[in-house]
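Coordinates in review
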Amino acid sequence: MARLLLSLWMVALLSACGAESVWAPDEDIRAKAYRHNGPASLTLITVISNRSGAGGHTGLLINGSQRVVWDPAGSWYSPNAPERNDLHYGMTDRMVEVYVDYHTRETYHTVLQELEVSPEVAELALKEAAAYGAVSKAACSQSTSTILSRLPGFESINATFFPKRTMDAFAKFPGVKTRKVFDNDPDDNSAKLPAGG
């Protein structure tokens, strides 16, 4: 019964807030497109509260024909990583550092779980993220887990609104490399965003 009530509450919450659609021009996407020379991979990014241990955000770094980050309902942005409906292009090593640093602070740490996949799976992940559309607040984990569950070999992942559940499910795949990032930056991270965005 508790799960039913929680599900109904989440539906009501999500229906009350619309997703914000952002659509960078084609020329911006082309100008910033970045292909990383590493192997095809998926890196699940989970932001965890240092106070409660609860999951605060879920994202997915996809390294396929180009490297992008799926940042559903996220507040991060950069002119060097043009966005189309929560998918940010141009994720160079520096942009990945900036993205992780933005989320990591005295109140949150970030968990990165990297898994090598076939180029075909990485490309399908990129296409699924690009087609998903803008995500409503509080649905970051739900959208990411849904995208993952559509990929060959990832069908065991269940869609969930809880970032730590997605993280725990991802951790079960053989070969996952996990890294945790901590930082003592102040909780107010607005200064890390470019002005005027």
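In this section: the packing of helix H5 (residues 140-149) against helix H6 (residues 163-171). Between H5 and H6, the shortest axis-to-axis distance is 9 Å and the interhelical angle comes to 25°. Relative to H6, the element H5 is oriented roughly parallel. Along this stretch, H5 crosses H6, giving a crossing that reads as left-handed. Touching Ser 141, Ser 145 and Leu 148 of H5 are Pro 163, Thr 166 and Phe 170, all from H6. The residue makeup of the contact of H5 with H6, split by class, is three nonpolar, three polar and no charged.

As a further point, take the pattern of salt bridges. A complete count under the given rule lists seven salt bridges for this structure. In this structure, the salt-bridge partner of Asp 101 is Lys 192, at a minimum N-O distance of 2.9 Å. Here the residue Asp 101 occupies a position in helix H3 (residues 93-103), and Lys 192 occupies one in the segment after strand S7 (177-181), the gap between them amounting to 91 residues. The partly exposed category is assigned to Asp 101, whose relative accessible area is 30%. Glu 128 serves as the salt-bridge partner of Arg 150, at 3.1 Å between the closest nitrogen and oxygen. You can see Arg 150 sitting in the loop between H5 and H6 and its partner Glu 128 sitting in helix H4 (residues 119-132), a full 22 residues away along the chain.

This part takes up the packing of aromatic side chains. Enumeration over the complete set of coordinates arrives at five aromatic pairs. Considering the side-chain rings of Trp 70 and Tyr 132, the 5.6 Å spacing of their centres and the 70° angle between planes classify their relative orientation as edge-to-face. Residue Trp 70 is located in strand S3 (residues 67-70), and its partner Tyr 132 is located in helix H4; the two are separated by 62 residues in the primary sequence. Accessibility expressed as a relative area gives 0% for Trp 70, which makes it buried.

This part takes up unusual backbone geometry. Note on backbone geometry: most residues besides glycine have negative phi, and most peptide bonds are trans. Its identity is not glycine, yet Ala 73 carries a phi of approximately 55°, on the positive side. Among the secondary structure elements, Ala 73 is positioned in the loop between S3 and strand S4 (83-84). The phi dihedral of Ala 138 is positive, around 75°, even though this residue is not glycine. Along the polypeptide, Ala 138 turns up in the loop between H4 and H5.

About the thresholds
- Residues numbered from 1 in each chain as written.
- Predicted model: local features only at pLDDT ≥ 70, side-chain atom pairs only at ≥ 80, totals over all residues.
- Heavy atoms only, no water.
- Axes fitted to C-alpha atoms, helices over the stretch in contact; angles between N-to-C directions.
- Helix = DSSP H or I, 4+ residues; strand = E, 2+ residues; numbered from the N terminus.
- Parallel < 35°, antiparallel > 145°, perpendicular 65-115°, else oblique.
- Left-handed = near helix turned anticlockwise from the far one by under 90°.
- Contact = heavy atoms within 4.5 Å.
- Nonpolar A, V, L, I, M, F, W, Y, C, P; charged D, E, K, R; others polar.
- Salt bridge = Lys/Arg side-chain N within 4 Å of Asp/Glu carboxyl O.
- Buried < 20%, exposed > 50% of the residue type's maximum accessible area, 1.4 Å probe, protein only.
- Phe/Tyr/Trp six-rings, centres within 6.5 Å; stacked < 30°, edge-to-face > 60°.

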